[in-house]
Structure formats: C-alpha cells, structure tokens
Amino acid sequence: QVQLVESGGGLVQAGGSLRLSCAASGSIFNIGTMGWYRQAPGEERELVASIQSGGTTNSADSVKGRFNISRDNAKNTLYLQMNSLKLEDTAVYYCYAAVRAGPSGRYYGYWGQGTQVTVSS
C-alpha cells in the first residue's frame, strides 16, 4: 500500500504565497507521473499541474506563471509553489501519484487526503 500525505495548506491573503508538499511512502519501486489537483465547492476536481519522473511539466492555463510544480525523486516528494494567489485559487488541493510496487508491475494511481487552501481578500 502507498500513502500520500499533503501539507502546507492554509489561509493566505490575495497576492500571497504558499508551498504545498506531498510525501509518498509505502510499497514504492518507482513513481511515474505526479500531480496536483484541486476542487472548489460545487465544482469538479481539476488538474492544476503535473510532472513526469524525468521532470517534464504541464499546468493549467489559470496558474501558468504563478504556480511551479517540482519533485524530489530521492525523497518521493512533490511540491507546488503557489505565488500571486487569487481568490479563485481557494479549493481543496489533492496530490496524485502513479506508483509501481515492483520492477515488472503496472502503475497504480493514489490520492492524498487533500489540504485546504483559502485565499482571502
């Protein structure tokens, strides 16, 4: 089994910054794509940004130039640096990881429990 534990959420004023972290632990041989998703009240969960094991990134247009996703493969940890936060960034942020438990196994997707980010005016 694999656990993803997020941290770093909280309350911040518009224009401020937060850094989210997601630490993966458990039966891990290697981790493929990792990503951050968010879900605001009454909305569907949406992709914020993703990063492949080799470092290639992808992000939503709404966060380009403000959010930066990175990972430390040695620590099995994912980060999201969020700058110039806006009211509309308020949501629960979820970490996702595609994890393989062995060298010949398939990848399985895992989710963290979510961390609340609230941006105030």
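Residues numbered from 1 in each chain as written. Predicted model: local features only at pLDDT ≥ 70, side-chain atom pairs only at ≥ 80, totals over all residues. Heavy atoms only, no water.

**Q** Could you clarify how one ought to interpret the state of the cysteines in this entry?
**A** One covalent bond between the sulfur atoms of two cysteine residues makes up a disulfide. Taken as a whole and judged by the stated rule, the model has one disulfide. The partner cysteine of C22 in its disulfide is C95, sulfur to sulfur 2.0 Å. Torsion about the S-S bond of the C22 and C95 cystine: about -75°, corresponding to left-handed handedness. Taken together, the residues span a long stretch of sequence, with C22 in strand β3 (residues 18-26) and C95 in strand β9 (residues 91-100) at a distance of 73 residues. Take C22: its relative accessible area is 0%, and that puts it in the buried class. (Disulfide = S-S within 2.5 Å. Helix = DSSP H or I, 4+ residues; strand = E, 2+ residues; numbered from the N terminus. Buried < 20%, exposed > 50% of the residue type's maximum accessible area, 1.4 Å probe, protein only.)

**Q** It is not clear to me how the side chain of R38 should be interpreted in this structure. Could you clarify?
**A** On the secondary structure map, R38 appears in strand β4 (residues 30-39). Here the side chain of R38 touches Y93 through a polar contact of 3.0 Å, side chain to side chain. Those residues within four positions of R38 in sequence are excluded, and the remaining contacts are E44, R45, E46, V48, S62, V63, F67, E88, D89, A91, V92 and Y93. (Polar contact = N/O pair within 3.5 Å; in protein donor to acceptor, adjacent residues only side chain to side chain. Contact = heavy atoms within 4.5 Å.)

**Q** Hey, could you run me through the environment of A74 in this one?
**A** Examined against the element boundaries, A74 turns out to sit in the loop between β7 (67-72) and β8 (77-82). When its relative accessible area of 76% is taken as the criterion, A74 is described as exposed. With 27 residues separating them in the primary sequence, A74 and A101 have C-alpha atoms 16 Å apart.

**Q** What's the story with the sheet that holds β7 in this structure? I'm lost.
**A** Strands in a sheet are paired, the pairing made by backbone hydrogen bonds, and the direction either parallel or antiparallel. The strand order across the open sheet built from four strands is β1-β3-β8-β7, with neighbouring strands paired in antiparallel fashion. This sheet does not close on itself; its edge strands, each paired only once, are β1 (2-7) and β7. Direction aside, neighbouring strands of the sheet carry axes that sit 15° apart on average. Of the strand pairs in this sheet, β7 and β8 are connected by six bridges, and their pairing is antiparallel. For D72, the partnering residue across the bridge sits in β8 and is T77. (Pairing = 2+ DSSP bridges. Axes fitted to C-alpha atoms, helices over the stretch in contact; angles between N-to-C directions.)

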